[in-house]
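What follows is each chain in one-letter form.
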Amino acid sequence: MPASKSVAAITLGQRVREARLRLGLSQEDIAELAGLHWTNWGKVERGVANPNFLTIVRIAAALEIDPGELVRGIGVDSLPERRHQLTASELLRERERRAEH
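Notes on the structure in this doc start here. (Residues numbered from 1 in each chain as written. Predicted model: local features only at pLDDT ≥ 70, side-chain atom pairs only at ≥ 80, totals over all residues. Heavy atoms only, no water.)

So, the pattern of salt bridges
For the structure shown, the criterion picks out four salt bridges. For Arg20, the salt bridge is made with Glu45, and the minimal N-O distance between the two is 2.5 Å. Pair noted here: Arg20 is in helix 1 (residues 7–23) and Glu45 is in helix 3 (residues 38–46), with a separation of 25 residues, a long-range link. Three or more residues joined by partner-sharing salt bridges are found here, namely Arg17, Arg20 and Glu45. (Salt bridge = Lys/Arg side-chain N within 4 Å of Asp/Glu carboxyl O. Helix = DSSP H or I, 4+ residues; strand = E, 2+ residues; numbered from the N terminus.)

Structure representation (structure tokens):
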């Protein structure tokens, strides 16, 4: 079953695709430059893959852009629903509050 698409994955995929098209390269060519299989590249572009950090860096290197350009502005609101809704600072405040009682 394909992975569910998150706004984050879709946004990343759109940016990757746009950068590839600006270069005028096929998925097969750019995937080879990045050391990926072209089917995996296609999954990234479609927003169904969840590439790890090293893969994002490889993709950016092949596209000759900074990896930050691919993830800029993608925040927690772009992710699927989280099991824990607290931020780190909220967790620390809650621990302090509980310790005081």
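Some points on the packing of helix 2 (residues 27–34) against helix 4 (residues 53–63)
Relative orientation and spacing of two packed helices are given, respectively, by the angle between their axes and the distance between those axes. Put simply, helix 2 and helix 4 touch, their axes get as near as 8 Å, and they point 115° apart. Here helix 2 runs over helix 4; the crossing is right-handed. Contact residues: helix 2 offers Ile30, Leu33 and Ala34, while helix 4 offers Arg58, Ile59, Ala62 and Leu63. The class makeup of the residues in the contact of helix 2 with helix 4 is six nonpolar, no polar and one charged. (Axes fitted to C-alpha atoms, helices over the stretch in contact; angles between N-to-C directions. Left-handed = near helix turned anticlockwise from the far one by under 90°. Contact = heavy atoms within 4.5 Å. Nonpolar A, V, L, I, M, F, W, Y, C, P; charged D, E, K, R; others polar.)

Details of the nonpolar core
Counting 16 residues, the largest nonpolar core has Val16, Leu36, Trp41, Ile59, Leu63 and Leu70 as its most contacted members. Secondary-structure elements contributing two or more residues to this core are helix 1, helix 2, helix 3 and helix 4. Apart from the residues within four sequence positions on either side, Val16 is in contact with Trp41, Val44, Glu45, Ile59, Leu63 and Leu70. (Core = buried A, V, L, I, M, F, W, Y, C linked by side-chain atoms within 4.5 Å. Buried < 20%, exposed > 50% of the residue type's maximum accessible area, 1.4 Å probe, protein only.)

Notes on unusual backbone geometry
In this structure, Glu64 is a non-glycine residue whose phi angle is positive, near 60°. Residue placement: Glu64 occurs in the loop between helix 4 and helix 5 (67–71).

Some points on the packing of helix 1 against helix 4
Helix 4 packs onto helix 1 with a crossing angle of 25° between their chain directions and a minimal axis gap of 10 Å. In this view, helix 1 runs roughly parallel relative to helix 4, as classed from their interaxial angle. Our pair here, helix 1 against helix 4, has a crossing hand that is left-handed. Across the interface between the two elements, Leu12, Val16, Ala19, Arg20 and Leu23 from helix 1 touch Ile56, Ile59, Ala62 and Leu63 from helix 4. Partitioned by chemical class, the residues of the contact of helix 1 with helix 4 number eight nonpolar, no polar and one charged. (Parallel < 35°, antiparallel > 145°, perpendicular 65-115°, else oblique.)

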